[in-house]
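Coordinate inspection notes
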Amino acid sequence: MTKIIPSFSACLLLFLLSPSLWAQQSIPQLTRIDEGIANILLDGFVDEAVWEDIPVVDGMKVINPDTLADAPYETHVRMFYTERGIYIGAINHQPPGTLVARMTSRDTQLDRDGFVVGIDASGDGLYGYFLRINLGDSMTDGSLLPERTMNLQWDGSWNGRTQALEAGWSVEYFIPWSMMPLPQVEGTRQIGIYLERQVGHLGGEAWSNPALPRTVNQYLSAFEKYELRDIEPRRQLTYYPFASTVTDNIKGETELKIGSEIFWRPTTNTLLSATLNPDFGNVESDDVVVNLTAFETFFPEKRSFFLEGQDIFNTSPRTSGHGGPGGPISLLNTRRIGGQGLFTVPTGVSVIPTDLSRPTDLLGAVKLAGQNGSWRYGALLASEDDSEVRGTLSDGTRVTLEAQGRDFTIGRLLYEDTSAGGRRSIGWMGTNISHPGIDASVNAVDMHFFSADSKWIMDGQLMHSDVDGVTGSGLLGDVSYRPERGVQHGISATYIDDSLDINDLGFLSRNDQMNLDYRYSKNESDIPGLRSRSTSVMITNRWNTAGQPVITGGFIGRGYTSLASNDINFQLQYFPPRIDDRLGRGTGDFRIGERYGANVNVSTDRAKSLAYTARLNLGQDELGPSQIGGSAGVVWRPDDRFSVDLSLNYTDREALLVHKGGGNYTSFESHQWAPRLEMNYFITAKQQLRFSGQWTALKAFEDRFWKVNPNKREFLQPVPNPDTTPDDFVISRLTFQARYRWEIAPLSDLFVVYTRGSNLPSNGFETFADLLERSWNEKIVDTIAVKLRYRFGS
């Protein structure tokens, strides 16, 4: 005893006096086991002998609603790692008869029984991954940037399985090191792990450890830290050979492609990827959109090569968020790469519109992403092939039009520091397009700050463009302050001059803007008789650089979630007088009077086998008359494998304003229907049959005629009908897709896809039912595609 006490006292004194030793002891070590000893069969049953000696982690708290109460059911999580990756097993206890399993397409967000693992691969809250598997084996995953910026378009090579049990369900994960970049360290490293569970029969209630509700700023940086030793995965080489064939039933042509994508990690923190003879034919179709505004519609990237390792090129929260009407503000919109060719169509030559808008083939692309200490870097090079389309002269003579391909160069450098708590970073990004008709360069510097007390988040970006000798500049600034849990204030400031042009490779809905927007939100989870209540206030104040208001407004909203997980949301809107400086495409600005609006949204519990949604929008068009819109939807899931999702949108406008050229406008009485149907049947969780269709039809009947005063900013002036030819028009667009997908292995798929589409001429004024029938029969797209892609390597 006399020998033990001094030894214990000395150890205790040393522990108290050494902060560094205390910090080391406070970080738990994740259990390491040799891969050969682990011998895990990934089947969802946590029954292998190796699990018995692994310590159990629980301690989950309720985060949705944001009560932070102890979870009512136990969740037993066990984790260990090998030289290949991390294994996680969880047994989710809950009463018999309460399981909610729903099979869905990958990345579908739906209330059901699910389990989430978050990985902070950097160990410092700089980048990570969100991996969710639901009961029934449907998966959702995404890459993470601070703090909650999530890219759900990313798909990883992790795997998981689930099993229903008598008193709950279980899940097993395998997360390979080859999936993620790891900082180059010797000996000991840290990673962050986040565990979350969603319970479907409780209305999608969510629990997590650590407890990180959406009402706090911290997320990625607050993952529970674990210590790992001697993880230095060998050099990893992965390649994805593919073969595809596309048959065009309209042209009677079949195209065959064979190529490969290659991913090489020479070190744990460096990824070099390349694509050879790439096939970027979509097996997903874009939404059908009718856009009569002066602003471009943004479509997200869906091609796997450009999604892998893409987060290094994210320079601002506006990249994934919205920079106002029209979409995000982004220096890199990879949909531009391999977009439609730069054809010049001579006068007197007619070309089928779908031929002009057809994507351009790529000769190849190379991408590099890596890290060295506090520095991260990335580069992307891509080269388009030359394109050809057939045209027709007025006498029927066939001619060939050619367009030379573009070369794209993107570079990125980012410095990040977390040594003093919180996070500070500064970065640079540059883009360039080389083409005989275009010489476009953009450079930007971005800065980011996250305070050590997690209350303040600040992001800024300076931009400069040079397009064929014309230069422009811009500034973005975003500040978020959260004084307490559930309350948030946000300010966004923007200055973009009238010559900044990033749209050759990026995305910007408009230049020539000065903005200062304010947002307030409050979420409460302690309201008697309710699950939660939310309040929002937004003030939009957006001007052009000439000092004219172009978008201004005030919005007040309130939302309620019942104890039965049904939602109802209201919003009141006020729009002060403003100037429209875009619709006329440079023929003159005009004034718009004050307007009012309101909307209400209702939805029922999505975890139920039958769920409903409804929305009503009341507003005013630019000229003042009413605009009424509404939608209704129903989702039916009679069992876990089959679902039908039907929605219908209707918009009625009394004064749809369309510019007819030369400062002349016509206002139309318009009616628009937009139904959408999707049916899914899962043969297994990895084999899916999906039928989806969208149709948008608009009928517009001329009502009044207007003229802008090019010399004075005033309201549009009514004028007589300039001619006897009606301006009435119809838009009817349809897309239909039938798709079979078999996920043979992680990131290895077989697709068989039939796509059909139409875009009717604008002069058909049949009934809506007849327009739908014509849209189905008078197709301009009719293709069958088969694509096989298989992953080999690490």
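Since the structure is predicted, the reported quantities are computational estimates derived from the model, not experimental observations.

Side note on the overall build of the chain
Secondary structure summary: the chain contains 6 helices and 44 strands in total. Rg of the C-alpha trace for the chain: 28 Å, near the compact-globule value of 28 Å for 794 residues, within the 12% margin. The principal-axis extent of the C-alpha atoms belonging to the chain is close to 110 × 60 × 55 Å. Scored against the burial criterion, the 794 residues of the chain give a buried share of 48%. For the chain, the computed accessible surface area is about 36100 Å², with 56% contributed by carbon and sulfur atoms. Of note, the chain has its 74 positive side-chain charges centred 2 Å away from the centre of its 97 negative side-chain charges.

Some thoughts on the nonpolar core
Formed by 43 residues in total, the largest nonpolar core has its most connected members in M79, F115, Y173, I175, M180 and L195. Only strand 3 (75–81), strand 4 (85–93), strand 5 (114–120), strand 6 (128–134), strand 7 (139–145), strand 10 (168–176), strand 11 (188–199) and strand 13 (224–229) provide two or more residues apiece to this core. Residue contacts for I175: discarding those within four places in its chain leaves G85, I86, I88, V117, I119, L131, W158 and M180. A382, I502, L505 and L508 belong to the second-largest nonpolar core, a separate cluster that totals 29 residues.

Some details on the pattern of salt bridges
One pass over the structure, following the stated rule, counts 30 salt bridges. Here R774 and E778 are joined by a salt bridge, their closest N and O atoms 2.9 Å apart. E778 gets classed as partly exposed once you look at its relative accessible area, which sits at 36%. Linking K779 and D782 is a salt bridge whose minimum nitrogen-to-oxygen distance equals 2.8 Å.

Some thoughts on empty space enclosed by the protein
Applying the stated criterion across every chain, the model contains 8 cavities of 30 Å³ or more. By volume, the second largest cavity is sized at about 280 Å³. As for the second largest cavity, its lining consists of 23 residues, of which Y129, P181, G309, A369 and R376 are closest to the centre. Every element with two or more residues in the lining of the second largest cavity is listed here: strand 6, strand 7, strand 16 (270–276), strand 18 (362–372) and strand 19 (375–384). Taken together, the residues of the lining of the second largest cavity break down into 11 nonpolar, 8 polar and 4 charged.

Considerations on the packing of aromatic side chains
For the structure shown, the criterion picks out 24 aromatic pairs. Seen in terms of ring centroids, F590 and Y665 are 5.4 Å apart; in terms of plane orientation they differ by 70°. Their pairing is edge-to-face. In this pair, F590 sits in strand 33 (residues 590–592) while Y665 sits in strand 38 (residues 664–684), placing the two residues 75 residues apart along the sequence. Overall, F590 belongs to the buried group, its relative accessible area being 1%.

What to know about the side chain of R791
Here R791 shows up in the loop between strand 43 (781–789) and strand 44 (792–793). Beyond its immediate stretch of four places on either side in the chain, R791 contacts S157, S178, T238, Y239, Y240, P746, L747 and S748.

Considerations on unusual backbone geometry
Put simply, N64 and P65 share a cis peptide bond, and its omega is 5°. Here P65 is to be found in the loop between strand 2 (61–64) and strand 3. One non-glycine residue, D137, adopts positive backbone phi at about 80°. Judged by relative accessible area, D137 falls into the buried class, the value being 14%. Within the chain, R585 stands out as a residue other than glycine whose phi angle is a positive 50°. Take R585: it is sitting in the loop between strand 32 (578–580) and strand 33.

Concerning the environment of L788
Positionally, L788 belongs in strand 43. Given a relative accessible area of 39%, L788 falls into the partly exposed group. Along the sequence, L788 and E255 sit 533 residues apart, while their C-alpha atoms lie 15 Å from each other. Not counting residues within four places of it along the chain, the set of residues in contact with L788 comprises P241, F242, A243, I744, D749 and L750.

Focus on the sheet that holds strand 21 (residues 398–403)
Neighbouring strands of a sheet are bound in pairs by backbone hydrogen bonds; such pairs are parallel or else antiparallel. The 3 strands are arranged 17-20-21 in an open sheet whose pairing can be described as antiparallel. Edge positions in the sheet fall to strand 17 (349–350) and strand 21, since each has one partner strand and no second. Across 2 bridges, strand 17 lies against strand 20 (residues 387–393) in antiparallel orientation. Paired with S350 across the strands is T392, a residue of strand 20.

Section: the sheet that holds strand 9 (residues 159–165)
Taken in spatial order, the 5 strands of this open sheet run 1-3-4-10-9, and their pairing is mixed. Looking at strand neighbours, the two that pair on one side only are strand 1 (31–32) and strand 9, the edges of this open sheet. Examined bridge by bridge, strand 1 and strand 3 share 2 bridges and lie parallel to one another. Opposite R32, over in strand 3, you have Y81 as the bridge partner.

Topic: the side chain of N217
With respect to the helices and strands, N217 occurs in the loop between strand 12 (205–209) and strand 13. Separated by 2.9 Å, the side chain of N217 and the backbone oxygen of S454 make a polar contact. Within polar-contact distance, the side chain of N217 engages the side chain of R482 at 3.1 Å. Setting aside residues up to four positions removed in sequence, N217 forms contacts with E147, F450, S454, K455, W456, I457, S480, R482 and Q488.

Topic: a negative patch on the surface
On the surface, a cluster of negative charge is made up of D385, D386, E388 and E402. Mapped onto the fold, D385 is located in the loop between strand 19 and strand 20.

Considerations on the environment of W673
In this structure, W673 sits in strand 38. Linking W673 and Q737, residues 64 residues apart in sequence, is a C-alpha distance of 20 Å. Ignoring sequence-local partners within four residues, the contact set of W673 consists of L648, N649, Y650, W695, T696, A697 and F768.

What to know about the pairing of strand 6
Most of strand 6 is tucked away: 7 of the 7 residues are buried. Going residue by residue along strand 6, you find G128, F130, R132 and N134 tucked away on one face and Y129, L131 and I133 tucked away on the opposite face as well. Pairing of strand 5 with strand 6 involves 6 bridges; the strand directions are antiparallel. Looking at strand 6, one finds that F115 is bridged to I133.

Considerations on the pairing of strand 14 (residues 236–248)
Bridging between strand 14 and strand 15 (residues 253–267) involves 13 bridges; their strand directions are antiparallel. Bridged to T238 within strand 15 is F263. Adjacent in sequence and paired antiparallel, strand 14 and strand 15 are bridged by 4 residues, among which G252 carries a positive phi angle near 70°. Relative to strand 44, strand 14 runs antiparallel, the two sharing 2 bridges. If you follow T238 over to strand 44, its bridge partner there is G793. In the sheet, strand 14 pairs with strand 43 via 7 bridges, with the strands oriented antiparallel. Opposite T245, over in strand 43, you have V786 as the bridge partner.

Thresholds, definitions, all that
- Residues numbered from 1 in each chain as written.
- Predicted model: local features only at pLDDT ≥ 70, side-chain atom pairs only at ≥ 80, totals over all residues.
- Heavy atoms only, no water.
- Helix = DSSP H or I, 4+ residues; strand = E, 2+ residues; numbered from the N terminus.
- Rg over C-alpha atoms; globule rule 2.2 N^0.38 Å.
- Buried < 20%, exposed > 50% of the residue type's maximum accessible area, 1.4 Å probe, protein only.
- Areas by Shrake-Rupley, 256 points an atom, 1.4 Å probe, with all protein chains shown as cover.
- Lys, Arg positive; Asp, Glu negative; His and termini not counted.
- Charge placed at Lys NZ, Arg CZ, Asp CG, Glu CD.
- Core = buried A, V, L, I, M, F, W, Y, C linked by side-chain atoms within 4.5 Å.
- Contact = heavy atoms within 4.5 Å.
- Salt bridge = Lys/Arg side-chain N within 4 Å of Asp/Glu carboxyl O.
- 1 Å grid on protein atoms, 1.4 Å probe; cavity = no way out; pocket = protein on both sides within 12 Å on 5 of 7 lines; lining within 4 Å.
- Points joined across faces, edges and corners; volume = space filled by probe spheres on them.
- Nonpolar A, V, L, I, M, F, W, Y, C, P; charged D, E, K, R; others polar.
- Phe/Tyr/Trp six-rings, centres within 6.5 Å; stacked < 30°, edge-to-face > 60°.
- Pairing = 2+ DSSP bridges.
- Polar contact = N/O pair within 3.5 Å; in protein donor to acceptor, adjacent residues only side chain to side chain.
- Patch = residues over 30% accessible without salt bridge, like charges linked within 9 Å, V, L, I, M, F, W, Y side chains within 5 Å.

Taken by themselves, the reported measurements are silent on function.
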